[in-house]
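Read off the chains here:
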Amino acid sequence: MRRAALLVAAAAALATALLAIVVQPAAARERTYYVAADDVMWNPIPSGRNLEGPRPIDPLPPSSLGWKFHLLVYREYTDATFKTRAPRPADQSYLGITGPLMRAEVGDTITVVFKNNTRFPVNMRPNGLKSTGGLALVAPGSRKTYRWSVPESSGPGPADGSSILWTYQADGKDLADSGLYGPIVVTRRGMAQPDGSPNDVDREFVVWFHEIDETLSPTWAESLADPATNPHHLKASSYPPPVLFNNNIYVNLNGFAYGNMPMLFMHRGERVRWYVFTSSSAFDFHAPSWEGQTVLYRGTRLDVIPLNVNQPAAVDMIPDDPGVWQIYCSVNIHLDFGMEARFTVLQ
Amino acid sequence: MKSVLVSSLCIACVAVFLVTLVRPAEAAVRTYYIAADEMVWNYAPSGRDLIDGGALQPLGPSQLGWSYRKALYREYTDATFKHLKSRPPDEAYLGLLGPVLRAEVGDTIVVHFENDTPLALSMHPHGLLYAKSSEGAPYRDGTSTNGKLSGAVAPGAAYTYVWKVPERAGPGPMDGSSVVWMYHSHTNETEDVDTGPIGPIVVTAKGMARPDGSPKDVDAEVFTLFAEYVETQSRLFNASLADPKVNPRHITMKSPALDESNSIVSINGYSFGNMPMIDLKRGEHVRWYVLATMSEFDFHAPDWHGETVMSDGNRTNVIQLGPMDMKAVDMWPDNPGTWLFNCDINVHRMAGMTARYTVTP
């Protein structure tokens, strides 16, 4: 009798120890990203066509430069030499102009080695994370290392799911209309896989709802001066504001318009988390909308999410209706100017 | 031993009885006959500002008037589409909204649609589950003619839409016993919405519905659509221009400030308090479904004077609405009187986005 009790006690102790090991959170990780601000030439409709629907692309007004323009973006590199760009996985090609997807579990630290490859002073500042390294602008050609810590107060709140979205952005003058934004996914402590992604979600997508007014971008003079982006040699002086102001606006999803964002794929029945965000150009009010499926947002069932300026949101979908569907902005002038993309639900 | 047998039998009996009790009602198929009809719509039928009792604001420089030709969804009694289903007087405030479609989770909605306008139109629901042949939206989705047919029903033609209502079309964990969706024409989505055909769908949680589909823990439901209609973007604007009854001033496409003059803010298609009164009773549990359309200035701040509402568990009397927003808030009116219900954005309020409701003791 006594032996049996002893055995039970020993087994219980062992089980407790085992459990402690199993549920002990993984040691806090330091996640390092090499990110440069680069000046790129961008085209929101690389196919030259409206891949979304039967209607043709709206003709650009006469004082529009065209579909190509210069843009500042964040891009990831393999190491501190900043010689080789970190290849974006094929299933992330849809991220377009959006900066590298960073991840952290609560307790982790993100280290960003930053290089400014542009001709303008810019920086990197996270929303929601604790940053060291200051907000000073980094001179063209210079570098800076930032450490962003991820305490409990940067992670999901009681009514959030297992992960939430933050963004990082540049603080320099007139950068709201640049492409200098990127996503950070923070996962609840104990809920992350080794790469930082939440372990109760099968698939994640990040979509930036964005309006670029190229005339307000720091690269505007460059876009005007470059025959590759200004093939008709428009002169700013011959089209004073507000004509130019109104006619070089590009609404986009991750930089793409008129269905040109690479197709997103998911399977029926998967737990899909969509992270959507806006930035802060003049009219960055958007209404991300999904066809064919519904989402849960803060516990309520919707298929249109109203977003304010510079607002991130995470919504959950379990797709159940196979087919090709639209994701788009429900603001009518945005939809008319091609703020739409497609996703496919496979059986 | 015998007692064990007896008690297990009893337990089995009780279990069977319980299963019978909690078994959800049979899934229903709810059938509607809806036509899109071309009609003249008057945003201010009294010809006055009923909020302050004075005259309407002067017409804009190129405003046709307060009436326009619009395409609206209307409910008929059967497949002959000969007899309009009459709307009871206490639902007159619904105005240009199409019929309220209802379902309990598990049901199926079947809409027999007839397009009696000169425009190709469709019916596209938010939130519900549909095959491509019932989506009502034409775009490059890899389907051939079937999907396209549902997305653009030709003038004079008919089409049957089948929409299923699974769990994911019903209330989420933080919602009340019912949620609201919209249906609207999606042949050319943005222009169609300015043209007019739009209506509400209520989905009630499984086990929470009365036979008619309405939530049984709610005494009264109110539907309001906050909309800025840019009539120049309507696919019937040319018809409005050509109709001397709605265009007595002979405005033309070349008239100045055409867009600004013909942008009208409204609630259910009524401006300046012209919406028929919403009548509520003190102490009732009232659910307000608040909707918005999709123009670039369809950001609204519905404000209830005299009462408060619960919105997502928070007490307020002003909520935020964005384009195509669909919200449900709950009110327990306790303050008898006639109260203002309006959009708090100053330019919208001044332009007539105002209505009234009455709470009787």
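Parameters at a glance
- Residue positions are counted from 1 within each chain, in the order its sequence is given.
- Written order determines the labels here, with chains lettered from A and ligands numbered from 1.
- Note on the predicted model: pLDDT of at least 70 is required for a residue's local features to be given, and 80 or more for side-chain atom pairs to be given and counted; whole-chain, interface and lining totals, by contrast, use all residues.
- Hydrogen atoms and water are omitted, and side-chain values are computed over all heavy atoms in the structure.
- By the criteria applied, helices consist of DSSP H or I runs no shorter than four residues and strands consist of E runs no shorter than two, each listed in order from the N terminus.
- Here's how the labels work: a residue is buried when its accessible area is under 20% of the maximum for its type, exposed when over 50%, partly exposed in between, all with a 1.4 Å probe on protein chains only.
- Should any heavy atoms of two residues lie within 4.5 Å, those residues are counted as being in contact.
- Areas reported as accessible are Shrake-Rupley estimates using a 1.4 Å probe. Residue values count occlusion only from the protein chains shown.
- As used here, buried area is the combined drop in accessible area, with a 1.4 Å probe, of two parts when they are placed together.
- In the sections that follow, a salt bridge refers to a side-chain nitrogen of Lys or Arg positioned within 4 Å of a carboxyl oxygen of Asp or Glu.
- In the analysis that follows, any N or O atom pair within 3.5 Å is treated as a polar contact, provided that within protein one partner can donate a hydrogen and the other can accept it, and provided that, for residues neighboring in sequence, both atoms belong to side chains.
- Three residue categories are used. Nonpolar comprises Ala, Val, Leu, Ile, Met, Phe, Trp, Tyr, Cys and Pro, charged comprises Asp, Glu, Lys and Arg, and polar comprises the others, including Gly.
- The predictor attaches a confidence to each residue, and that confidence, scored 0 to 100, is pLDDT.
- To pair, rings of Phe, Tyr and Trp, with the six-membered ring standing in for Trp, must have centres within 6.5 Å; the planes then decide the type, stacked if under 30 degrees apart, edge-to-face if over 60, and tilted in the middle.
- Look at NZ for Lys and CZ for Arg. If either is within 6 Å of the ring centre and within 35 degrees of the ring normal, a charge sits over the ring.
- For two strands to be treated as a pair, DSSP must find at least two bridges joining them.
- Here an axis means a line fitted to C-alpha atoms, over the contact stretch when the element is a helix, while the angle between two N-to-C directions is reported on a 0 to 180 degree scale.
- As used here, the term nonpolar core means buried Ala, Val, Leu, Ile, Met, Phe, Trp, Tyr and Cys residues forming a set that is joined through side-chain atoms within 4.5 Å.

## Overview of the overall build of chain B
- Helix and strand counts for chain B come out as six helices and 18 strands.
- Referenced to the eigenvectors of the C-alpha coordinate spread, the extents of chain B come out at roughly 95 × 55 × 35 Å.
- Looking at chain B residue by residue over its 361 residues, the buried ones come to 55%.
- Residue pairs at least 24 apart in sequence account for 76% of intrachain contacts in chain B once pairs closer than 6 positions are excluded.
- Total accessible area on chain B stands at roughly 14,900 Å², and carbon and sulfur atoms take up 59% of it.

## Section: the interface of chain B and chain A
- Taken together, the contact pairs 37 residues of chain B with 35 residues of chain A.
- Roughly 2,900 Å² is buried in total at the junction of chain B and chain A, and carbon and sulfur atoms are behind 54% of that figure.
- Here D320(A) ties to R168(B) by a salt bridge, and the two come within 2.8 Å at their closest N and O atoms.
- The interface formed by chain B and chain A holds 24 residue pairs in polar contact (both at pLDDT 80 or more) in total.
- Considering each element in turn, the side of chain B that touches chain A owes the most residues, three residues, to helix 3 (residues 189-195) of chain B.
- Tallied by class, the residues present in the side of chain B that touches chain A amount to 16 nonpolar, nine polar and twelve charged.

## As for the confidence of the model for chain B
- Looking at chain B as a whole, the pLDDT averages 92, with 92% of positions reaching at least 70.
- Predicted confidence is poor over residues 16-20 of chain B, with pLDDT under 50, and the contacts of this stretch with residues over four places away or in other chains come to zero contacts.

## Brief notes about the packing of aromatic side chains
- Under the defined criterion, the tally for this structure stands at 36 aromatic pairs over all chains.
- Their ring planes at 70° and their centres at 5.9 Å tell us that Y94(A) and F205(A) sit as a pair that is edge-to-face. Placement of the pair is Y94(A) in the loop between strand 2 (69-77) and strand 3 (102-105) and F205(A) in strand 10 (residues 203-213), with a sequence separation of 111 residues. For the pair Y94(A) and F205(A), a shared accessibility class is recorded, and that class is buried.
- Judged by centre distance (6.3 Å) and plane angle (80°), the rings of Y33(B) and F81(B) are edge-to-face. Highlighted residues: Y33(B) in strand 1 (residues 29-42) and F81(B) in the loop between strand 2 (67-76) and strand 3 (101-104), separated in sequence by 48 residues.
- Judged by relative accessible area, which is 12%, F81(B) ranks as buried.
- An aromatic cluster of three or more residues is present, and its members are Y73(B), F113(B), Y159(B), Y161(B), W163(B) and Y183(B).
- Over the face of the ring belonging to Y229(B) we find K70(B), whose NZ or CZ atom lies 4.3 Å from the ring centre.
- One residue, K132(B), lies across the ring of W325(A), its end atom 3.6 Å from the ring centre.

## Points about the sheet that holds strand 4 (residues 108-116) of chain B
All names here are of chain B.
- Spatially, the four strands line up as an open sheet ordered 2-1-4-6, and their pairing is mixed. Looking at which strands have only one partner, the edges of the open sheet turn out to be strand 2 and strand 6 (158-164). Across the sheet, the mean angle separating the axes of adjacent strands is 25° when strand polarity is ignored.
- Taken together, the nine bridges between strand 1 and strand 4 define a ladder with parallel strand orientation. In the sheet register, T31 faces strand 4, and the bridge partner there is V110.

## Re the nonpolar core
- Core analysis: the largest hydrophobic core is formed by 145 residues, its most contacted members being W274(A) and W288(B).
- Take this core: its biggest share by element is seven residues, from strand 9 (residues 220-230) of chain B.
- Leave out the neighbours within four places in its chain, and W288(B) touches V222(B), T224(B), I278(B), L280(B), W304(B), K327(B), A328(B), V329(B), M331(B), F341(B) and Y357(B).
- Listed in part, the 26 residues of the second largest apolar core include I110(A), W148(A), L175(A) and L180(A).

## Some thoughts on the environment of P89(A)
- Along the chain, the position of P89(A) falls in the loop between strand 2 and strand 3.
- Using a relative accessible area of 41% as the deciding quantity, one classes P89(A) as partly exposed.

## Brief notes about the pattern of salt bridges
Residues and elements named next belong to chain B.
- This model, assessed by the stated rule, comprises 23 salt bridges over all chains.
- The partner of R30 in a salt bridge is D107, with the nearest N and O atoms 2.8 Å apart. With a gap of 77 residues between them, R30 in strand 1 and D107 in the loop between strand 3 and strand 4 connect regions that are remote in the sequence.
- On the basis of relative accessibility, which here comes to 14%, the residue R30 falls in the buried class.
- K132 serves as the salt-bridge partner of D141, at 3.2 Å between the closest nitrogen and oxygen. Each member of the pair D141 and K132 is classed as buried.
- If you follow the salt bridges from partner to partner, you end up with E38, R69 and D243 in one network.

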